[in-house]
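Each chain, letter by letter, is given below.
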Amino acid sequence: MKHFIFLILGLWTLLGFAISRPMSGPGYDSSAETLKGDLNRDVYVAITNAYVIRSKRSLFDRKTQEIYKNLEQNMGYLVGSIRLRLLGEEVWTYTVWESKEALDQFANSRQHVDAMYTSDSAIRQMRSLVFKVKASEIPLSWSQIEEIIQKEKMKEYKPL
């Protein structure tokens, strides 16, 4: 019985444990852990939070990875990261953009729209939030992002 309890506690921990990819992108100096260029300029942060149907998680993860690998091809993209629960249903993305126009251009790009359409059947719920900060505030930690998400109303999307 004691081993069973430890097994359940271990699985519970894995379900709640989140890992994140290190911040990377063409506008980010990873050794200085800051954006390149003028730190007094405004930049736009986009946060997405998805709850994925567990049985279809691999489809969603594959599409997310494809988008993430190609982000640097988008004008105005500075830096980003992905965070996910190892065995859970929750996934976050965090990207930083030079302008709202660059972010909108990416969001409406064929690659992004196709990925959203293809992975739609795997999404139970999707939310997003875009806000402006000074470049000097980047990188935001995931704990800071969680605080912002708790305070700000995220835009919710229903599957197509």
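Preceding this paragraph is the structure being described.
About the cut-offs
Residue positions within a chain follow its written sequence, with the count starting from 1. The predicted nature of this model means local features are confined to residues of pLDDT at least 70 and side-chain atom pairs, given and counted, to a pLDDT of 80 or more, with totals for whole chains, interfaces and linings taken over all residues. Calculated side-chain values reflect all of the structure's heavy atoms, with hydrogen atoms and water omitted. When DSSP locates at least two bridges between a pair of strands, those strands are taken to pair. Working definition: helices are DSSP H or I runs of at least four residues, strands are E runs of at least two. Numbering for both runs from the N terminus. Throughout this description, the term nonpolar core refers to a set of buried Ala, Val, Leu, Ile, Met, Phe, Trp, Tyr and Cys residues connected via side-chain atoms within 4.5 Å. Throughout this description, buried means an accessible area under 20% of the type-specific maximum (1.4 Å probe, protein chains only), exposed means over 50%, and partly exposed covers the range between. The contact definition used throughout considers only heavy atoms, calling two residues in contact when any of these lie within 4.5 Å. The rule is simple: put a 1 Å grid over the protein atoms alone, call a set of points where a 1.4 Å probe fits but cannot get out a cavity, call an open set with protein on both sides within 12 Å along at least five of seven lines a pocket, and count a residue as lining if it has an atom within 4 Å of a point. Grid points are joined across faces, edges and corners, and a volume is the space filled by probe spheres set on the points. Orientation is described by lines fitted to C-alpha atoms, with helices fitted over the stretch in contact, and by angles between N-to-C directions that extend from 0 to 180 degrees. The scheme is simple: roughly parallel for angles under 35 degrees, roughly antiparallel for over 145, roughly perpendicular for 65 to 115, oblique for anything else.

Draft legend 1. Structural context of the pairing of strand β7 (residues 123-134). Taken together, the 11 bridges between strand β4 (residues 42-52) and β7 define a ladder with antiparallel strand orientation. Residue pairing across strands places Y51 opposite Q125, the latter belonging to β7. Two elements, β7 and strand β8 (residues 155-157), share 3 bridges in a ladder whose sense is antiparallel. Bridged to M126 within β8 is Y157.

Draft legend 2. Region of interest: the nonpolar core. Membership of the largest hydrophobic core comes to 21 residues, with the highest contact counts inside it found for L35, V45, Y94, V96 and I138. Taken together, the elements giving at least two residues each to this core come down to β4, β5 (77-85), β6 (90-97), β7 and α5 (142-151). Non-local contacts of V96, meaning those with residues more than four positions away in its chain, are made with L35, V43, Y44, V45, G76, Y77, L78, V79 and I138. Membership of the second largest hydrophobic core comes to 20 residues, among which are A50, L59, L84 and W97.

Draft legend 3. Here's a closer look at the layout of surface pockets. Taken as a whole, the largest pocket encloses approximately 900 Å³ of empty space. Considering the residues around the largest pocket, the lining is formed by 40 residues, among which T48, A107, H112, M116 and M126 are closest to the centre. Listing elements by their share of the lining of the largest pocket, those giving two or more residues are β4, α2 (57-70), β5, β6, α3 (100-107), α4 (110-119) and β7.

Draft legend 4. Structural detail: the packing of α2 against α4. Following both chains from N to C, one finds α2 and α4 inclined at 170 degrees, their axes separated by 9 Å at the closest point. Considering their axes alone, α2 and α4 lie roughly antiparallel with respect to each other. Note on element contacts: α4 touches α2 through Q111, H112, A115, T118 and S119, opposite L59, F60, K63, E66, I67 and N70.

Draft legend 5. Inspection of the environment of G88 at higher detail. Residue placement: G88 occurs in the loop between β5 and β6. Here the alpha-carbon distance between G88 and R54, two residues 34 residues apart in the chain, equals 7.3 Å.

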